[in-house]
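Structural overview
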Amino acid sequence: MIFDGTSSWSDVTSNAQLNPANITIISLVKFSGFNSAICQGNQIISKGYPYVVPGMWGLAATDNVYDNSCSIYSPNYTQLASQLGNATYGLSAGNYISTNTWYFMATSYNGTTVKLYQVPMDPAFHVNNVSPIATVATSGAPVGSNTQDVSIGRHLNPSYPYWFNGSMDELALFNRTLSDSEIQYMYDYLWGLIIINHPFTDTLLCKGANFNLHYTVNDTDIFQPGNTFTAQLSDASGSFASPVNIGTLTSTNSGAIPCNIPAGTSTGSAFRIRIVSSNPVDTSINNGKNIQIVTTFPAPVANSNTPVCAGVGDSIKL
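Keep in mind that this is a model prediction, so the values were computed, not measured. (Residues numbered from 1 in each chain as written. Predicted model: local features only at pLDDT ≥ 70, side-chain atom pairs only at ≥ 80, totals over all residues. Heavy atoms only, no water.)

Okay, the packing of aromatic side chains next. Throughout the structure, instances matching the rule amount to ten aromatic pairs. Summarising the aromatic geometry, the rings of Phe 3 and Phe 164 are spaced 5.7 Å apart at their centres and angled 85° between planes, so their arrangement reads as edge-to-face. Within this pair, whereas Phe 3 is found in strand β1 (residues 2-4), its partner Phe 164 is found in the loop between β11 (150-152) and β12 (165-174), the two being separated by 161 residues in sequence. Note on Phe 164: relative accessible area 0%, which makes it buried. Where Tyr 77 meets Tyr 96, the ring centres are 5.0 Å apart and the plane angle is 90°; that geometry is what we call edge-to-face. Here Tyr 96 lies in the loop between β7 (87-89) and β8 (102-109) and Tyr 77 lies in the loop between α1 (64-67) and β6 (79-84), a separation of 19 residues in the sequence. Here the aromatic residues Phe 3, Phe 31, Phe 34 and Phe 164 are joined through ring pairs into a cluster of three or more. When the ring centre of Trp 9 is taken as reference, the NZ or CZ atom of Arg 154 above it lies at 4.0 Å. (Phe/Tyr/Trp six-rings, centres within 6.5 Å; stacked < 30°, edge-to-face > 60°. Helix = DSSP H or I, 4+ residues; strand = E, 2+ residues; numbered from the N terminus. Buried < 20%, exposed > 50% of the residue type's maximum accessible area, 1.4 Å probe, protein only. Lys NZ or Arg CZ within 6 Å of the ring centre and 35° of its normal.)

Structure, rendered in structure tokens:
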């Protein structure tokens, strides 16, 4: 969606699903310019009127942390901020936002702690360790208790709409607090990194087992001709300090990597799998759930399709 900074926005009618007790807001945005009107707010999304009222939530950018003034316009010092409950949470000096640059921006709130995330979406550089740029303890300002509509690209206050000027490619709301690893997953997904498919259909594997590891590439322009995807197995504790390659596929698109668990693999119940690429060189997050590797499967359940280890060769999606 493209917003002109003066008169374009989108509203969503309020309902109970938009009043969560905990929340995570994720956006992929590019500012074409910043609002120079009084108080210089740039509202990505908000729910609540007037600006900060009990129960509201929102994500925005502002220069007021820098100059602490509604009358001074400081576009070179615009920063990420979120509104949660009846308070606004911003950043200390730094992490200033540039125009004409795509950013992955997010905020989460669990009732006591606010986290802010901001990462430039550089197609030539993938960030492997997305973490909060600010973590703020609160006095407990509840969200999820107002009946105002949700506004995208402005604030509902007609006197202070805080127009957004730019583009939004993604905007997602979660009714819980995503963990840092889940925020990383969302960034990876939007950046276009290879993603191991979910949900799990099998987390119990035999030594020597063959299976296909299904994955998705969200942006096929990232991976170059001749790229190889390599599936790697962790050790029994989930560490990739010395990963074992268990399958490869030369591709730039979504697909399935033929894999084999080496017969000499130790048994254990906390194995993980990840995928690394060669062109460009990058690493996916792991499959997100422990895998048990055994010598023999537990005794089959009557009238079930429980496999046995000898000759097993099922196709799984991790």
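As a note on interpretation, predicted positions should not be read in detail where pLDDT is low. Overall, the prediction assigns the protein a mean pLDDT of 87, with 92% of residues at 70 or greater. Low pLDDT, under 50, characterises residues 311-318; the predicted model gives this stretch 34 contacts beyond four residues in sequence or across chains. (pLDDT = per-residue confidence, 0-100. Contact = heavy atoms within 4.5 Å.)

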